[in-house]
Amino acid sequence: MKALTTLEIIIIIVILIVTALFVLSWLGIGSSPLDWMKRENIKSIFCSEIIDRTKCLVIEVSSPYELGISEDDLSTKIRNRDIGVRNGDEFASYKNICNYLGVRSFKECLVKLCGCKIR
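Being a predicted model, the structure only gives us computed values, none of them experimental.

Calculation rules
- Residues numbered from 1 in each chain as written.
- Predicted model: local features only at pLDDT ≥ 70, side-chain atom pairs only at ≥ 80, totals over all residues.
- Heavy atoms only, no water.
- Helix = DSSP H or I, 4+ residues; strand = E, 2+ residues; numbered from the N terminus.
- Rg over C-alpha atoms; globule rule 2.2 N^0.38 Å.
- Buried < 20%, exposed > 50% of the residue type's maximum accessible area, 1.4 Å probe, protein only.
- Contact = heavy atoms within 4.5 Å.
- Areas by Shrake-Rupley, 256 points an atom, 1.4 Å probe, with all protein chains shown as cover.
- Lys, Arg positive; Asp, Glu negative; His and termini not counted.
- Charge placed at Lys NZ, Arg CZ, Asp CG, Glu CD.
- Core = buried A, V, L, I, M, F, W, Y, C linked by side-chain atoms within 4.5 Å.
- Disulfide = S-S within 2.5 Å.
- Expected span 1.5 Å × (residues − 1).

Caption draft 1: Expanded view of the overall build of the protein chain. For the protein chain, the count of helices and strands is 5 helices and 2 strands. Along the protein chain, from the amino end to the carboxyl end, the secondary structure elements read α-α-β-α-β-α-α. Against the globule reference of 14 Å for 119 residues, the protein chain gives a C-alpha radius of gyration of 19 Å, more extended than a compact globule. Principal axes of the C-alpha set define a box for the protein chain whose edges measure 60 × 35 × 20 Å. The buried share of the protein chain, reckoned over its 119 residues, is 27%. Of the contacts formed within the protein chain by residues at least 6 apart in sequence, a portion of 47% connects residues at least 24 apart. Total accessible area computed for the protein chain in this model is approximately 8,000 Å², and 61% of it derives from carbon and sulfur atoms. Considering the protein chain, the positive charge centre built from 16 side chains and the negative charge centre built from 14 side chains are found 3 Å apart.

Caption draft 2: Quick peek at the environment of Arg79. The residue Arg79 is located in strand S1 (residues 74-79) in this model. Assessed through its relative accessible area of 25%, Arg79 is described here as partly exposed. Residues Arg79 and Ala92, 13 residues apart in the sequence, show an inter-C-alpha distance of 4.9 Å. With residues up to four places along the chain from it excluded, the contact list for Arg79 reads Gly88, Asp89, Glu90, Phe91 and Ala92.

Caption draft 3: A look at the nonpolar core. Counting residues in hydrophobic clusters, the biggest one holds 23 residues, and the most contacted among them are Phe46, Ile50, Ile97 and Leu110. Looking at this core, the elements with two or more residues in it are helix H2 (33-54), helix H4 (94-100) and helix H5 (106-114). Apart from the residues within four sequence positions on either side, Ile97 is in contact with Ile42, Phe46, Ser75, Ile78, Ile83 and Ala92.

Caption draft 4: Local environment of the state of the cysteines. With the rule as written, the count across this model stands at 3 disulfides. One disulfide in the model links Cys56 with Cys116; its S-S distance is 2.0 Å. On the sign convention where negative means left-handed, the S-S torsion of about -50° between Cys56 and Cys116 marks this disulfide as left-handed. With Cys56 in the loop between H2 and S1 and Cys116 in the segment after H5, the pair connects residues that are 60 residues apart, well separated along the chain. When the bonded cysteines of the protein chain are counted from the start of the sequence, the pairing works out to 1-5, 2-6, 3-4.

Caption draft 5: Spatial organisation of H2. Between the first and last C-alpha of H2 there are 31 Å, a value that for 22 residues agrees with the 32 Å anticipated at 1.5 Å per step. Considered for burial, the residues of H2 that qualify are Pro33, Ile42, Phe46, Cys47, Glu49, Ile50 and Thr54. Directly beyond the C-terminal end of H2, a positive phi value near 60° is found at Lys55.

That's the geometry; what it means functionally is another story.
Printed below as a string of structure tokens:
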């Protein structure tokens, strides 16, 4: 009986927190949980594409260019409209994706977000 009551309290607290986040984002004070989920989804798609293309988790290099990619290369899965850039139907560049995810340097983007081994 106590376990059920504890579970109910935890569920109510989670619902209140999520509701508060939506209200704060609606008021323009905080970020929306939906925006956070969208960013995490873009990050996941981006990193899986990079890892599949370069095997950067296995190979250690001194620059991203040694992996055979550059920040100007285009994604094969993420379009500009997904990250809020003009020309929505065109595929997004890796540089624009990294900027959307909040990292300006392409090398840092690969290391911090995707875990690539770059010295």
